[in-house]
Amino acid sequence: MTYPTSRAPNSNTLSTSALNGKLPQRLFSRREVIQPGDDILWRVERGVVRTLTWSEEGTFITLGYWGAGDLIGYPLSRINPYQIECLTSVEVTAVPPRLWGQEVNALLSHIQQAEELLSVVHRKPISLRLWQFLVWLGEKFGRDVEQGRLIDLHITHQEMAEVLNTTRVTITRLLHQFVEEGTLLRHKRSLILRLPNALISQ
């Protein structure tokens, strides 16, 4: 069974730097899909993407969130279907197989982050699972501000629910609970974790 995806990337965004002996780069807008291939990895230069698949019933399953310096692509997964969705505007570099051996650190980081997220999504109860997911996002995409740790990424309640295998209603209720407890602040469309830096990094 196949499902429709977002519009394909504009081929005109392919960088002419490839003609100068550099690796080709592409630019994508938020919600665009980066087309995977069997013989290519993408290195994220800026922006945030998520990798995902879906079940026969059409339920989305998030495989990971990736930012600057991360390697992504079908050769690292082999899950079918497999999709790379841009959560922000994104710039990526195409890394051909002949150069994969030079990306050992990035490949190891990919494995480590995938296992970290896997451990988070199996935490119980769901309130701990959500909180640990927010801490994980804060470590990867956050920055320190006066009030705590700002998660510098807009992620919807539905997307959180897809990652954590729960419902959007549950996510909304728990986030409201965190705010009432004073452990979470809302800042425009972002969230701030109100924990000491030493605790956030654990």
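Before any of the text, the structure's been laid out above.
Note that the structure is a prediction, hence the values are computed from the model and not measured. Position numbers for residues count from 1 along each chain, tracking the sequence in the order it is written. Where local features are concerned, this predicted model is filtered to residues with pLDDT of at least 70; where side-chain atom pairs are given and counted, the filter is 80 or more; whole-chain, interface and lining totals use all residues. Values reported for side chains reflect all heavy atoms of the structure, with hydrogen atoms and water molecules removed beforehand.

(A) View of the environment of Asp 39. We count a stretch as a helix when DSSP gives it H or I for four or more residues in a row; a strand needs E for two or more, and each element gets its number in order from the N terminus. In this fold, Asp 39 is placed in the loop between strand E2 (33-34) and strand E3 (41-46). For the pair formed by Asp 39 and Pro 75, sequence separation is 36 residues and the distance between their alpha carbons is 7.0 Å.

(B) Looking closely at the sheet that holds strand E10 (residues 148-151). Whether two strands pair comes down to DSSP finding at least two bridges between them. Spatially, the 4 strands line up as an open sheet ordered E9-E10-E12-E11, and their pairing is antiparallel. The two strands at the open ends of the sheet, each matched to only one other strand, are strand E9 (142-145) and strand E11 (184-187). Going across the sheet, the axis of each strand differs from the next one's by a mean of 30°, ignoring polarity. Judged from the 4 bridges that link them, E11 and strand E12 (residues 190-193) form a sheet pairing that is antiparallel. Only the stretch in contact is used when fitting a helix axis, every axis being a line fitted to C-alpha atoms; angles between N-to-C directions are given from 0 to 180 degrees.

(C) Just the side chain of Thr 93, in detail. Looking at where Thr 93 falls in the secondary structure, it is placed in strand E8 (residues 90-95). The class of Thr 93 is buried, set by a relative accessible area of 2%. Polar contact is the term for a pair of N or O atoms within 3.5 Å; when the atoms are in protein, one must be able to donate a hydrogen and the other to accept it, and sequence-neighboring residues count only if both atoms are side-chain atoms. Polar side-chain contacts of Thr 93 include one of 3.0 Å to the side chain of Gln 25. Sequence-distant contacts of Thr 93, defined by excluding residues within four places in its chain, comprise Leu 23, Pro 24, Gln 25, Leu 41, Trp 42, Arg 43 and Glu 45. A simple rule labels every residue: compare its accessible area, found with a 1.4 Å probe on the protein chains alone, to the largest value its type can have, and call it buried under 20%, exposed over 50%, or partly exposed in between. Residues count as neighbours in contact if any of their non-hydrogen atoms are within 4.5 Å of one another.

(D) Fine view of the pattern of salt bridges. Whenever a carboxyl oxygen of Asp or Glu lies within 4 Å of a side-chain nitrogen of Lys or Arg, that contact is scored as a salt bridge. Following the criterion strictly, the structure yields 11 salt bridges and no others. Among the ionic pairs, Glu 85 bridges to Arg 31, the shortest N-O distance being 3.0 Å. Of this pair, Glu 85 sits in strand E7 (residues 83-86) while Arg 31 is found in the loop between strand E1 (25-28) and E2, placing the two residues 54 residues apart along the sequence. Looking at Glu 85, the relative accessible area reads 9%, which means it is buried. Residue Glu 91 is joined to Arg 46 by a salt bridge in which the shortest nitrogen-to-oxygen separation is 3.3 Å. Of this pair, Glu 91 sits in strand E8 while Arg 46 sits in strand E3, placing them 45 residues apart in sequence.

All we've got here are geometric facts, nothing functional implied.
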